[in-house]
Amino acid sequence: MATLLSVNVGLPQDVPWHGRTVHTGAWKSPVRGPRMVRRLDVDGDGQGDLAGHGGEIRAVLVYQLESYRYWREHLGRDDLVSGMFGENFTVDGLPDDEVCIGDRYRIGEAEFEVTQPRVTCYRVGMRLGEPAMASLLVAHHRPGFYLRVLTEGRVRAGDEITLTRRGPGGLSVADTDALLYLPGRDPEMLRRALDVPALSPGWQQSFRELAAAGQGAGRPAGPGGAPGPAEAPGWPGFKAMRVARIVAETPDISSIYLGTTDGSPLPAARAGQYLSIRLTIGGAPVVRSYSLSATPTADTYRISVRHEAHGKASAYLHAALRAGDLVDIAAPRGTFVLEAGTRPVVLVSAGIGATPVLAMLHRLAAATDPRPVWWVHVARDRAHHVFADEARTLLAKLPDAHEYVYYTADARAAPAAGGRRAGRGRPTASSLTAMGIPADADAYLCGPPSFMDDLAAHLRECGLHPEAIHTEQFSALPAANPGLLPTAAVRPHQPPGPPGAGPLVHFARSGVTTPWSPAHASLLDLAEACDIPTRWSCRTGVCHTCVTHLLAGDVAYTTPPLEPPEPGSVLVCCSEPATETVLDL
């Protein structure tokens, strides 16, 4: 008979960590006497990050006495006591390899259902002073698990734990955890997991994505995490390409046509992908990324670049680059791509953000795609309306196309391309509704972050599902740092302290190039020292939230990831550069 040994609670607190402050409820202590367990938590308990912990599906975390004994031996620790793994219930029995998702248990007056394994999270390592702990929990098949509260009631240390119903499918907690985070996935087990109703929605979504990709093996896409690169690049690193011609599109945007130096055919690119270009300006290497703005031909790529007021690379490309020059180019990459299907397509852009969605429009027009297409573009005025005539020509080739143009600088509506009137300002939820955009459409948005945030919200008001709204951001991606308290935004910069003597590391989106120093624990640590927005969760190579395009160079893993990322990508949380490296950060 399993037994509840300890009930542990703790309210969130602010904890100093690596010069930042983490708001976390990982510090929990045993309590005496009965405690009421409610739908969302145990009385006196709380979570600092409700996106990853707590809530109805993760109301109670369970960890086992046997695992405490195991870690005392493995880590050589004699100070591990109940609550230190962040659990609410310390139990004798209920091992992870026997408890199944969907199992139901009665403890005291309350009844519970098992919903998922523990989330891989750096904060358990923080609490224990063992940075690799999140990885160790998965690798050693001892994650612990969450319970949903079916019947509220009082529990206390010493209560017996009674199994009231066995979950369908017989999928253990340990097997479920391994199915997401470890290589060598069993496709049949993946299908079984999707048939377990009690499994939490986040884990169901991750397993659906793996099943849809046909992954019996492959990268994990952790619950709520962002999947990484989907395919290998057309060539490794950079190769020289020749500027075939340069065409001025507007007063501040020019298109650059690139061809191979030997006439060999270029690999195909998906509509919406980008190229990275490496320049030498003032004796220093500079790397930037620009979207392909048309469907590549067998021998030509086209990128279009706006001259930024303080942009070192864009100023060079507009003022110094000439036809015939050689530039270093990395192969097309990116996951902001036009998907196949039959659903209506909405292409929304502002300014230079038209480039990736124009490539999508090229692809749709070339196929005379029967899907209804909405083209919505915002420009400053007619003179700065990039690709106006080109877009209208492409739209004319589609059987069901709708065009809407807005100018922000005109005091009144002004003529757009083709003599049509342009709307004033930006689209609103009501104007998008008036366009007749259907709720089952796939939308692709590119422009300034505030523009995409507003338009995505408007499209959701029109009934589009959030997962059907895709966005592309040219600058650094928004940070995803669970538990960290927000700080004032700082422009990316060189890291503090003396410069390193190691290989150069280029952060392409942020425009920072700096030599590697072993003073940094990982590429993620270096990025954080430069105030470059980063995305991570476990920080130990498990969850793949930090997966990043590796545009050029090689890395070495300081902590081997439990499952390597796909070719052309790297886990920055546990790697360092082996050669000069270019990252899409």
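It should be noted that the structure appears before, not after, this text.
This write-up is about the structure you can find in this document. Just so it is clear, the model here is predicted, and its values are computed rather than measured.

1. Some remarks on the overall build of the chain
The secondary structure content of the chain amounts to 12 helices and 31 strands. Taken against the 2.2 N^0.38 rule, which gives 25 Å for 585 residues, the C-alpha radius of gyration of the chain at 27 Å falls within 12% of a compact globule. Dimensions along the principal axes, computed over C-alpha positions, put the chain at roughly 80 × 60 × 45 Å. Of all 585 residues assigned to the chain, the portion counted as buried reaches 54%. In the chain, 70% of the contacts between residues at least 6 apart in sequence involve partners at least 24 apart. For the chain, the exposed surface amounts to about 23900 Å²; the carbon and sulfur share of it is 52%. In the chain, the 54 positive side-chain charges and the 61 negative ones have mean positions that sit 5 Å from each other.

2. Side note on the environment of proline 143
You can see proline 143 is positioned in the loop between helix H3 (133-139) and strand E10 (145-151). The buried category is assigned to proline 143, whose relative accessible area is 3%. Between the C-alpha atoms of proline 143 and phenylalanine 85, which are 58 residues apart in sequence, the distance is 9.9 Å. Beyond its immediate chain neighbours, meaning those up to four positions away, proline 143 contacts Tyr63, Asp96, Pro117, Arg118, Leu137, Val173 and Asp177.

3. Digging into the nonpolar core
The biggest cluster of nonpolar side chains holds 46 residues, and the ones touching the most others in it are Val60, Phe89, Phe112, Val155 and Phe207. At five residues, the largest contribution of residues to this core is made by helix H4 (residues 173-181).

4. Observations regarding the sheet that holds strand E24 (residues 469-472)
What links the strands of a sheet is backbone hydrogen bonding, and the strands pair in either a parallel or an antiparallel sense. Strands sit in the order E22-E21-E20-E19-E23-E24 across an open sheet of six strands; the sheet is parallel. The open sheet has two edge strands, strand E22 (423-424) and E24, and neither has a second partner. When strand E19 (residues 345-350) meets strand E23 (residues 442-446), the two strands line up parallel, connected through five bridges. Note on E23: the bridge partner recorded for serine 349 is cysteine 446. Lying on the sheet, helix H8 (residues 354-366) is in contact with E19, strand E20 (373-379) and E23; it crosses E19 at an angle near 150°. On top of the sheet, helix H11 (residues 449-461) reaches E19, E20, E23 and E24; it is set at about 160° to E23, its chief contact.

5. Digging into the pattern of salt bridges
All chains considered together, the criterion is met by 25 salt bridges. As a salt-bridge pair, glutamate 390 and arginine 302 come within 2.9 Å of each other at their nearest N and O atoms. Within this pair, whereas glutamate 390 is found in helix H9 (residues 388-395), its partner arginine 302 is found in strand E17 (residues 301-306), the two being separated by 88 residues in sequence. On the basis of relative accessible area, glutamate 390 is assigned to the partly exposed category, the value being 22%. Within this structure, Arg104, Glu113, Arg148 and Arg165 form a network of salt bridges that share partners.

Rules used throughout
Residues numbered from 1 in each chain as written. Predicted model: local features only at pLDDT ≥ 70, side-chain atom pairs only at ≥ 80, totals over all residues. Heavy atoms only, no water. Helix = DSSP H or I, 4+ residues; strand = E, 2+ residues; numbered from the N terminus. Rg over C-alpha atoms; globule rule 2.2 N^0.38 Å. Buried < 20%, exposed > 50% of the residue type's maximum accessible area, 1.4 Å probe, protein only. Contact = heavy atoms within 4.5 Å. Areas by Shrake-Rupley, 256 points an atom, 1.4 Å probe, with all protein chains shown as cover. Lys, Arg positive; Asp, Glu negative; His and termini not counted. Charge placed at Lys NZ, Arg CZ, Asp CG, Glu CD. Core = buried A, V, L, I, M, F, W, Y, C linked by side-chain atoms within 4.5 Å. Pairing = 2+ DSSP bridges. Axes fitted to C-alpha atoms, helices over the stretch in contact; angles between N-to-C directions. Salt bridge = Lys/Arg side-chain N within 4 Å of Asp/Glu carboxyl O.

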